[in-house]
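Below, each chain spelled out in residue letters.
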Amino acid sequence: LAKTTQPISMDSYEGQEVNITCSHNNIATNDYITWYQQFPSQGPRFIIQGYKTKVTNEVASLFIPADRKSSTLSLPRVSLSDTAVYYCLRTGSARQLTFGSGTQLTVLP
Amino acid sequence: NAGVTQTPKFQVLKTGQSMTLQCAQDMNHEYMSWYRQDPGMGLRLIHYSVGAGITDQGEVPNGYNVSRSTTEDFPLRLLSAAPSQTSVYFCASRDSGQGVETQYFGPGTRLLVL
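(A) Just the overall build of chain A, in detail. In terms of regular secondary structure, chain A is built from zero helices and nine strands. Secondary structure of chain A in N-to-C order comes out as β-β-β-β-β-β-β-β-β. Taking 2.2 N^0.38 as the reference for a compact globule, 109 residues should give roughly 13 Å; the C-alpha atoms of chain A span a radius of gyration of 13 Å, in line with that estimate. Counting only C-alpha atoms, chain A reaches 40 × 30 × 20 Å along its principal axes. Burial statistics for chain A: of 109 residues in total, 45% are counted as buried. Here the analysis covers contacts within chain A between residues at least 6 apart in sequence; of these, 56% occur between residues at least 24 apart. Here chain A has roughly 5,400 Å² of accessible surface; of this, 50% comes from carbon and sulfur atoms.

So this is what it looks like as structure tokens:
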């Protein structure tokens, strides 16, 4: 199964930029990196996806270096409502999509 | 579009009972999957389907059956419920158009097995 590694938890304060890293050393050539967000009692929600370099949308930015062995999700100026679990997935080559334990982000006032 | 719908939202079963969790999507997605999520844990894949008539096992398939007779529906059957199957169950369907693969999740079914 396509595994990724990310920190178990992170704390931040409102208004700060948060960067969550994900390691995927054995990424396949046709894999994308996809991030999901999950609030309590809800299903995960797609945030952003990229292959390499930088992708930005209205919610976040995703940085993937040339070797593609890691990626960084960047959330600008977080608010309390960004408190959630964030999952990093490899998508594309595998028929099975594997969610790890994710990163619990807690935004403090 | 209703997206991905799941029924029921809550269910209490006794050990040994069977039941079917319903999942439907109206986005014409070929790929559908079932996950379970235990408290404080990530999602674990139970079964998935890449199209009508095709199903396959995920990480934790034991005790569950699936079928995919139509593109829209992907029910999950618990054959003989056990307390270890107490969990939140999420159904998802996947869009893989334009090089972006996005999974859409249903609201979940909370199952308690006594």
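There is more to say, and it comes next.
(B) Molecular detail of the interface of chain A and chain B. Every contact between the two is made by 23 residues of chain A and, on the other side, 25 residues of chain B. For the chain A and chain B pair, buried surface summed over both sides reaches about 1,700 Å², with 48% attributable to carbon and sulfur atoms. Our count for the chain A to chain B interface comes out at zero salt bridges. Counting every contact that joins chain A to chain B gives four residue pairs in polar contact (both at pLDDT 80 or more). Counting residues per element, the ones that place at least two in the side of chain A that touches chain B are β3 (32-38), β4 (45-50) and β8 (84-91) of chain A. Broken down by class, the residue content of the side of chain A that touches chain B amounts to nine nonpolar, 12 polar and two charged.

(C) Representation of unusual backbone geometry. Note the cis peptide between T7 of chain B and P8 of chain B, where omega equals -10°. The backbone of S41 of chain A shows a phi angle near 65°, a positive value even though the residue is not glycine. Topologically, S41 of chain A is positioned in the loop between β3 and β4. Note on S41 of chain A: relative accessible area 58%, which makes it exposed. Located in the positive-phi region is T53 of chain A, a residue other than glycine, with phi close to 65°.

(D) Representation of the pairing of strand β1 (residues 4-7) of chain B in the model. Residues and elements named next belong to chain B. By the alternation rule, side chains of β1 split into V4 and Q6, which are all buried, and T5 and T7, of which none is buried. Across four bridges, β1 lies against strand β3 (residues 19-25) in antiparallel orientation. Across the sheet, T5 pairs through a bridge with A24, a residue of β3.

(E) Molecular detail of the pattern of salt bridges. In this structure the tally under the stated criterion is three salt bridges over all chains. Salt-bridge contacts for D31 of chain A lead to R90 of chain A; the nearest nitrogen and oxygen are separated by 2.9 Å. Residue D31 of chain A is found in the loop between β2 (18-23) and β3, and its partner R90 of chain A is found in strand β8; the two are separated by 59 residues along the sequence. Between R44 of chain B and D38 of chain B there is a salt bridge whose closest N-O contact spans 2.7 Å. Overall, the relative accessible area of 17% leaves D38 of chain B in the buried class.

(F) Layout of the sheet that holds β3 of chain A. Residues and elements named next belong to chain A. The strand order across the open sheet built from five strands is β1-β9-β8-β3-β4, with neighbouring strands paired in mixed fashion. Only two strands of the sheet have a single neighbouring strand rather than two, namely β1 (9-13) and β4. Each neighbouring strand pair of the sheet contributes to a mean axis angle of 25°, computed without reference to strand direction. Pairing analysis gives five bridges linking β1 to strand β9 (residues 103-108), with the strands arranged parallel. Each bridged residue has a counterpart across the sheet, and for D11 the counterpart in β9 is T106.

(G) View of the environment of H29 of chain B. Residue and element names in this part refer to chain B. Positionally, H29 belongs in the loop between β3 and β4 (31-37). Looking at H29, the relative accessible area reads 7%, which means it is buried. In sequence terms H29 and S93 are 64 residues apart; their C-alpha atoms lie 6.1 Å from each other. Once you skip the residues sitting within four places of it in the chain, H29 turns out to touch R68, T71, S93, R94, D95 and Y104. A polar contact of 2.8 Å, which involves the side chain of H29, links it to the side chain of S93.

(H) The sheet that holds strand β8 (residues 76-78) of chain B, seen in detail. All names here are of chain B. Judged by pairing direction, the sheet is antiparallel, and its four strands sit side by side in the order β1-β3-β8-β7 without closing on themselves. The sheet is open, and its two borders are formed by β1 and β7 (64-66), each paired with just one other strand. Across the sheet, the mean angle separating the axes of adjacent strands is 20° when strand polarity is ignored. Pairing analysis gives three bridges linking β3 to β8, with the strands arranged antiparallel. Counted as the bridge partner of T20 is R77 from β8.

The rules behind the values
- Residues numbered from 1 in each chain as written.
- Chains lettered and ligands numbered in written order.
- Predicted model: local features only at pLDDT ≥ 70, side-chain atom pairs only at ≥ 80, totals over all residues.
- Heavy atoms only, no water.
- Helix = DSSP H or I, 4+ residues; strand = E, 2+ residues; numbered from the N terminus.
- Rg over C-alpha atoms; globule rule 2.2 N^0.38 Å.
- Buried < 20%, exposed > 50% of the residue type's maximum accessible area, 1.4 Å probe, protein only.
- Contact = heavy atoms within 4.5 Å.
- Areas by Shrake-Rupley, 256 points an atom, 1.4 Å probe, with all protein chains shown as cover.
- Buried area = accessible area lost by both parts, 1.4 Å probe.
- Salt bridge = Lys/Arg side-chain N within 4 Å of Asp/Glu carboxyl O.
- Polar contact = N/O pair within 3.5 Å; in protein donor to acceptor, adjacent residues only side chain to side chain.
- Nonpolar A, V, L, I, M, F, W, Y, C, P; charged D, E, K, R; others polar.
- Pairing = 2+ DSSP bridges.
- Axes fitted to C-alpha atoms, helices over the stretch in contact; angles between N-to-C directions.

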